[in-house]
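Observations on chain architecture
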Amino acid sequence: MHIFCVHSASNRLFSAKIYTIYLEIDTAVIARKALEKEDENDAFRDHLGNYNADYLDELVWPIAETITPLIDCTACGACCRSLMINVTDSDALRMSDGIQMKAEEFKSEFLEESIGGQKIMKSMPCHFLQNNQCTQYEYRFTECREFPHLHRKNFKGRLFGTLVHYAMCPIIYNVVEELKIVTGFKDNEAHE
Ligand code: SF4
Ligand code: SF4
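What counts as what
- Residues numbered from 1 in each chain as written.
- Chains lettered and ligands numbered in written order.
- Predicted model: local features only at pLDDT ≥ 70, side-chain atom pairs only at ≥ 80, totals over all residues.
- Helix = DSSP H or I, 4+ residues; strand = E, 2+ residues; numbered from the N terminus.
- Buried ≥ 20, exposed ≤ 12 C-beta atoms within 10 Å, placed from the backbone.
- Near = placed C-beta within 6 Å.
- Nonpolar A, V, L, I, M, F, W, Y, C, P; charged D, E, K, R; others polar.
- Core = buried A, V, L, I, M, F, W, Y, C linked by C-beta atoms within 7 Å.
- Domains from an automatic or database assignment.
- Contact = placed C-beta atoms within 7 Å.
- Axes fitted to C-alpha atoms, helices over the stretch in contact; angles between N-to-C directions.
- Parallel < 35°, antiparallel > 145°, perpendicular 65-115°, else oblique.
- Left-handed = near helix turned anticlockwise from the far one by under 90°.
- Expected span 1.5 Å × (residues − 1).

**Comments concerning the overall build of the protein**
Scanning the protein for helices and strands turns up nine helices and six strands. Expressed as a percentage of the 192 residues in the protein, the buried residues total 21%.

**Brief notes about the site of ligand 1**
Every residue near ligand 1 is listed here: Cys80, Ile85, Cys126, Phe128, Leu129, Cys134, Gln136, Arg140, Phe141 and Cys144. Here the shell around ligand 1 is composed, by residue class, of eight nonpolar, one polar and one charged.

**Some remarks on the nonpolar core**
Core analysis: the largest hydrophobic core is formed by 32 residues, its most contacted members being Val60, Ile85, Met121, Ile172 and Val175. Elements supplying a minimum of two residues to this core: α2 (38-48), α3 (53-67), α4 (78-82), β4 (119-121) and α9 (170-182). For this core, the element with the highest residue contribution is α9, accounting for six residues. Each of domain 1 (2-78 + 149-190) and domain 2 (84-144) contributes no fewer than three residues to this core. In this structure Met121 touches Ile85, Val87, Phe110, Leu111, Cys126 and His127, once residues within four positions along its chain are discounted.

**Focus: unusual backbone geometry**
Cis geometry marks the peptide bond from Met124 to Pro125; its omega dihedral reads 0 degrees. Summarising the element assignment, Pro125 is placed in the loop between β4 and β5 (129-130). Between Phe147 and the following residue, Pro148, the backbone shows a cis peptide bond with an omega angle of 10 degrees. With respect to the secondary-structure elements, Pro148 resides in the loop between α7 (142-146) and α8 (159-164). Look at His149: it is not a glycine, yet its phi comes out positive at around 70 degrees. Topologically, His149 is positioned in the loop between α7 and α8. Look at His149 and you get partly exposed, because 16 C-beta atoms sit within 10 Å. The backbone of Asn154 sits at a positive phi, close to 70 degrees, despite the residue not being glycine. Examined against the element boundaries, Asn154 turns out to sit in the loop between α7 and α8. Its 12 C-beta neighbours within 10 Å are what place Asn154 among the exposed residues.

**Examining the packing of α3 against α9**
With their axes 10 Å apart at the nearest point, α3 and α9 run at an angle of 135 degrees to one another. In terms of orientation, α3 lies oblique with respect to α9. As α3 runs across α9, the sense of the crossing is right-handed. When α3 is examined against α9, the residues Leu59, Val60, Ile63, Ala64 and Ile67 are found in contact with a partner set consisting of Ile171, Asn174, Val175, Glu178, Leu179 and Val182. Classifying every residue of the contact of α3 with α9 by side-chain character gives nine nonpolar, one polar and one charged.

**Concerning α9**
With 13 residues, α9 extends 18 Å between its outermost C-alpha atoms, agreeing within 8% with the 18 Å of an ideal straight helix rising 1.5 Å per residue. When you tally the buried positions in α9, you get eleven out of 13 residues, the bulk of the element. Among all positions in α9, only Pro170, Ile171, Ile172, Tyr173, Asn174, Val175, Val176, Glu177, Glu178, Leu179 and Lys180 are buried. Positive backbone phi, at 80 degrees, marks Gly184, one or two positions downstream of α9.

**Considerations on the environment of Asp89**
Checked against the element boundaries, Asp89 lands in helix α5 (residues 89-98). Sequence spacing of Asp89 and Lys107 is 18 residues, and the spatial spacing of their C-alpha atoms is 9.4 Å.

Have a look at this one:
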């Protein structure tokens, strides 16, 4: 399913122009298109290799700010189902306080150590996900708040990891597709 959304924005990138953003929100379609676009995305990664990292951030941020609120994460929940969530000590404390459990009990019941020595949730999908919604949203972990990281500096440095999740995350898929247009990698008529 596509959503067509015409918007204008006053930042440097979009000034004096009105863009039509085509959103793909059907996760099955996104997964299929991601397979079809593997070679295209490899070429796009090479294309972005020519960009200055700070300048690329300035291109990505307004696109992400525009698209993210248009995607309903509660209709998706893919990251909560399929990511290994890192849990810091302060995350564990906030969550255990929130669900009124002792921190040590929380750690032993819900966390395990990853190969890299970090604490991660034992269960995937995440124990706190029900009907695609986080039952402890207020206390969710830092990584849950940050994903898909498109608001952070150095999109270029995270590009490989971002494209790994392109097939799974409608926010990433649509931001990357829009970025292809904005950087001239594809023309605006090329949205499929
Ligand atoms: S804590 Fe909530 S937001 Fe984070 S992975 Fe679990 S269900 Fe998702
Ligand atoms: S995978 Fe992306 S779109 Fe889906 S719930 Fe997570 S952040 Fe939202």
